[in-house]
Amino acid sequence: MADDRYDLIVIGSGPGGYVCAIRAAQLGLRVACVEKDKTLGGTCLNVGCIPSKALLESSERYAAVEHALGEHGVEVGKVRLDLAKMMERKRGIVDDLVSGIPMLFKKNRVVDVRGHGRIDGAGTVVVTGEDGERTLSADAIVIATGSEPAPLRGVDFDGERVVTSTEALSFEEVPGHLVVVGAGVIGLELGSVWRRLGSKVTVLEYLDEILPGTDAEIARLARKVFTDQGIEIVTGAAVQSAKVSRKKVTVGWKEREGGAERTVSCDRVLVAVGRRPFTDGLGCDEAGIERDERGRIRVGEDYQTSLDGVYAIGDVIAGPMLAHKASDEGIAIAELLAGQQGHVTYDAIPSVIYTHPEIASVGRTQEQLEEAGVAFKRGRYKFNHNGRAMALGDRTGLVKILAHAETGRILGAHVLGARAGDLIAEIVLAIEMGATAEDVARTVHAHPTLSEIVREAVLDVDRRSIHQ
Ligand code: FAD
Ligand code: NAD
């Protein structure tokens, strides 16, 4: 059918797919985007970044009213939680965002195709939707099918008491005791939400420290902060089983060192042990699209898979599973397909954990530089010396800058503290531009702002911080 011929078919409408589709259409390509779910926006908008941040914000306000207003001289009466309203607000934000994407598609003339997409050889996608099957063809196909929660052997999800992040974003009541398996990003963000709303939270982590991959000094500090907030963190815990009875769940775990067997009884269990690429029913094997040992679609530098004209981006390929990484890859491949110079600087992808305080990083950790034998200089500055942090009542935190010992180029930055996610942006730009610590140190920073902490840390690289 002439109508079903495109320049580009994108499979998946998450932040990778929908952004890729719009950018390609802006560049003059005729584009279709295929989505199997009822709403567009993928994991990020529907059950990921957006609903989790809505609940993190609401629960942080609830906790602040309960615990943090007194020091400002603000007395409040008894605080009451209306969880249903908090959830309604979250749903409203999700609805606003997901309903915006069809409008963006319309404005940019992206054809919105609903149904499950399967690749039937180079250039062909068979879409199975409510109205049956439809065959689309195109010069190029971009796979942006994302990821799903990884299961844990011995622990079966029941959607009720043993759950993934999706259900933990919509509990109808505050669990009395929530056990979280995995002290990664999801475990600590959602553990924080439910802890603030009143749950006892126990986090069981397999490794010896929380937040694997994070700069070790920041991870240690984070562990102390979360423990002080009342989150119980057990490391070196290999979870083996979760037995559901009528009202409780008994989680069985083994001490990694020593092997002692333990159990903990709780009301709900959130399993957050990572996510895995989603390629169900996509037809990879039949079409000859290679995947690696972890199920991720293999791509070259230009995002091309092992099948000519088929590309892949986002969570379904290697790299950090982050919405902005997926989107930037989407823009890059759209520009490459349109004959432009699209690219992503993988050393300058920020990562932000939206706990309180936030944790943000970009570039390499101290441990990575040491292991690679790169000579570096380190600058550090604490939040508790900064006037704005004092005014906010957020004195806990640290900015750590790692710069090349000879050239001074910034190689990494790690921040734990209020609004770390906003503070990191300056260093992301510095890395992208190849700037040195000296360049950032010579930049005027407004007073009194938290950004002055970044400047002091950068000055500290050459031991010339003014307020240290
Ligand atoms: P996805 O967003 O997963 O989208 C893939 C889409 O493809 C889905 O809509 C799916 O239905 C569709 N699809 C799959 N197969 C087919 C098929 N065969 N045919 C048609 N459609 C198909 N990242 C951040 O950067 N910041 C955050 O704060 C953040 N918070 C998160 C919180 C949670 C609780 C979770 C779970 C994740 C979070 N993430 C966050 C990660 C982020 O959601 C992902 O990195 C991002 O969504 C990946 O985008 P994507 O486009 O690759 O895939
Ligand atoms: P993660 O990889 O961040 O953390 C998983 C944790 O589970 C790790 O600490 C790991 O050591 C631990 N673990 C693994 N197996 C275990 C076991 N058997 N017992 C106990 N612990 C075990 O994964 P996640 O938290 O599930 O998040 C998935 C992805 O979603 C991440 O890659 C993250 O980038 C993305 N995400 C990002 C954000 C954000 O950017 N703010 C928020 C949520 C999710």
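Structure shown above.
Each chain has its residues counted from 1, following the order in which its sequence is written. Labels follow written order: the first chain is A, the first ligand is 1, and so on. Local features are withheld for residues below a pLDDT of 70 in this predicted model, meaning they are given only at 70 or higher, and side-chain atom pairs are given and counted only at 80 or more; totals for whole chains, interfaces and linings count all residues. Just so you know, side-chain values use all the structure's heavy atoms and leave hydrogens and water out.

Engineer: Can you help me understand empty space enclosed by the protein in this one?
Structural biologist: Where empty space is left in the structure can be found by rolling a water-sized probe over the atoms. Of the two site types, the cavity is a set of points on a 1 Å grid over the protein atoms alone where a 1.4 Å probe fits but cannot get out, and the pocket is an open set with protein on both sides within 12 Å along at least five of seven lines, each lined by residues with an atom within 4 Å of a point. Grid points are joined across faces, edges and corners, and a volume is the space filled by probe spheres set on the points. The tally for this structure, following the rule as stated, stands at one cavity of 30 Å³ or more. Its volume calculated, the largest cavity comes out at about 40 Å³. Looking at the largest cavity, the residues that line it are Pro-149, Ser-165, Ile-186, Val-271, Ala-272, Gly-274 and Arg-275. A class-by-class count of the residues in the lining of the largest cavity yields four nonpolar, two polar and one charged. For this classification, the nonpolar set comprises Ala, Val, Leu, Ile, Met, Phe, Trp, Tyr, Cys and Pro, the charged set comprises Asp, Glu, Lys and Arg, and every other residue, Gly included, is treated as polar.

Engineer: What is the right way to look at the site of ligand 1 in this model?
Structural biologist: Put simply, a residue is near a molecule or strand once any heavy atom of it comes within 4 Å of that molecule or strand. Taken together, the neighbourhood of ligand 1 is formed by 39 residues, with Glu-35, Thr-43, Lys-53, Gly-117 and Ala-323 sitting nearest. The contact in question runs from an oxygen atom of ligand 1 to an N or O atom on the side chain of His-324, over 3.4 Å. Methods summary: accessible areas were calculated by the Shrake-Rupley approach with a probe of 1.4 Å, and residue burial reflects only the protein chains presented. About the coverage of ligand 1: the protein hides 95% of its 1000 Å² of free accessible area. Numbered from the N terminus, helices here are DSSP runs of H or I no shorter than four residues, and strands are runs of E no shorter than two. Per-element accounting of the shell around ligand 1 gives the leading share, four residues, to helix H2 (residues 42-47). Of the residues belonging to the shell around ligand 1, the class tally is 15 nonpolar, 18 polar and six charged. As used in this structure description, the phrase polar contact means that two N or O atoms lie within 3.5 Å; if the pair is within protein, one of them must be able to donate a hydrogen and the other to accept it, and residues adjacent in sequence are counted only when both atoms belong to side chains.

Engineer: Whenever I open this one, the sheet that holds strand S15 (residues 268-271) confuses me. Can you help?
Structural biologist: Within a beta sheet, neighbouring strands are joined by backbone hydrogen bonds and run either parallel or antiparallel to one another. Pairing between strands requires that DSSP locate at least two bridges from one strand to the other. If you trace the five strands from one edge of the open sheet to the other, you get S8-S15-S9-S10-S11, paired in parallel fashion. Two strands lie at the open edges of the sheet, namely strand S8 (162-163) and strand S11 (232-234), each paired on one side alone. Of the strand pairs in this sheet, strand S10 (residues 200-204) and S11 are connected by three bridges, and their pairing is parallel. In the sheet register, Val-203 faces S11, and the bridge partner there is Ile-233. Set on the sheet, helix H6 (residues 185-196) makes contact with strand S9 (177-181), S10 and S15; between it and S10 the angle comes to about 165°. A contact between two residues is defined here by any heavy atoms of the two lying within 4.5 Å. Between the N-to-C directions of two axes lies an angle of 0 to 180 degrees, each axis being a line fitted to C-alpha atoms and, for a helix, fitted only over the stretch in contact.

Engineer: What am I meant to see in the pattern of salt bridges here?
Structural biologist: Two side chains carrying opposite charge are able to pair once their charged atoms lie near each other. Here, a salt bridge means any Lys or Arg side-chain nitrogen found within 4 Å of an Asp or Glu carboxyl oxygen. Per the counting criterion, the structure on display carries 27 salt bridges. A salt bridge links Asp-120 to Arg-118; the shortest N-O distance between them is 3.9 Å. Only protein chains enter the accessibility calculation, which uses a 1.4 Å probe. A residue is then buried if its area is under 20% of the maximum for its type, exposed if over 50%, and partly exposed in between. With relative accessibility at 44%, the residue Asp-120 sits in the partly exposed group. Of the charged contacts in the structure, one is a salt bridge between Arg-298 and Glu-290, with a shortest N-O distance of 3.9 Å.

Engineer: Would you explain the packing of helix H1 (residues 17-26) against helix H4 (residues 83-108) in this entry?
Structural biologist: Helix-helix packing is characterised by the crossing angle of the two axes and by the distance between the axes. Where H1 contacts H4, the axes come no closer than 9 Å and their chain directions differ by 20°. On the basis of their axis angle, the class for H1 and H4 is roughly parallel. Of the two possible hands of crossing, H1 and H4 adopt the one that is left-handed. Here Tyr-18, Ala-21, Ile-22, Ala-25 and Gln-26 of H1 lie close against H4, whose contacting residues are Ile-101, Leu-104, Phe-105 and Asn-108. A per-class count over the contact of H1 with H4 returns seven nonpolar, two polar and no charged. Oblique is the label for every angle not falling under 35 degrees (roughly parallel), over 145 degrees (roughly antiparallel), or within 65 to 115 degrees (roughly perpendicular). Two helices that cross are described as forming a left-handed crossing if the nearer one is turned anticlockwise from the farther one by less than a right angle, and a right-handed crossing if clockwise.

Engineer: What am I meant to see in the site of ligand 2 here?
Structural biologist: Among the 24 residues in the neighbourhood of ligand 2, the closest are listed as Ile-186, Glu-189, Glu-205, Gly-274 and Val-352. The separation between an oxygen atom of ligand 2 and a polar main-chain atom of Gly-274 is 2.9 Å. Relative to its free-state accessible area of 840 Å², ligand 2 is covered by the protein chains to the extent of 78%. Elements with a minimum of two residues in the shell around ligand 2: H6 and strand S12 (237-244). Per-element accounting of the shell around ligand 2 gives the leading share, three residues, to H6. Residues of the shell around ligand 2, tallied by class, amount to 17 nonpolar, three polar and four charged.

Engineer: Before we go on, may I ask you to explain the packing of aromatic side chains in this structure?
Structural biologist: Any pair of aromatic rings gets described here by the distance separating the centres and the angle formed by the planes. The pairing test for Phe, Tyr and Trp rings, Trp by its six-membered ring, is centres within 6.5 Å, and the orientation test on the planes gives stacked under 30 degrees, edge-to-face over 60, and tilted for anything in between. Considering all chains together, one arrives at one aromatic pair under this definition. Considering the side-chain rings of Phe-171 and Trp-194, the 5.3 Å spacing of their centres and the 45° angle between planes classify their relative orientation as tilted. Separated by 23 residues along the polypeptide, Phe-171 in the loop between helix H5 (165-168) and S9 and Trp-194 in helix H6 bring together distant segments of the chain. Only Lys NZ and Arg CZ are tested; either one counts as a charge over a ring when it is within 6 Å of the ring centre and within 35 degrees of the ring normal. Positioned over the ring face of Tyr-206 is Arg-256, at 5.2 Å from the centre of the ring. Its end group placed over the ring of Phe-171, Arg-268 keeps NZ or CZ at 4.4 Å from the ring centre.

Engineer: Could you clarify how one ought to interpret helix H9 (residues 323-337) in this entry?
Structural biologist: The end-to-end C-alpha distance of H9 is 21 Å, a good match for the 21 Å that 15 residues give at a rise of 1.5 Å each. Listing the buried residues of H9 in full gives Lys-325, Ala-326, Ser-327, Glu-329, Gly-330, Ala-332, Ile-333, Ala-334 and Glu-335. Of the surrounding elements, those touching the buried residues of H9 are H1, strand S6 (132-143) and strand S17 (310-312). Once H9 finishes, Gly-339 follows within two positions and takes phi at roughly 85°, a positive value. A helix's residues, less one, multiplied by 1.5 Å, set its expected span.

Engineer: Can you help me understand the layout of surface pockets in this one?
Structural biologist: In this structure, the second largest pocket encloses a volume near 1100 Å³. Lining of the second largest pocket is provided by 33 residues; of these, Glu-60, Ala-64, Ala-68, His-356 and Asp-394 occupy positions nearest its centre. Grouping the amino acids of the lining of the second largest pocket by side-chain chemistry returns 11 nonpolar, nine polar and 13 charged.

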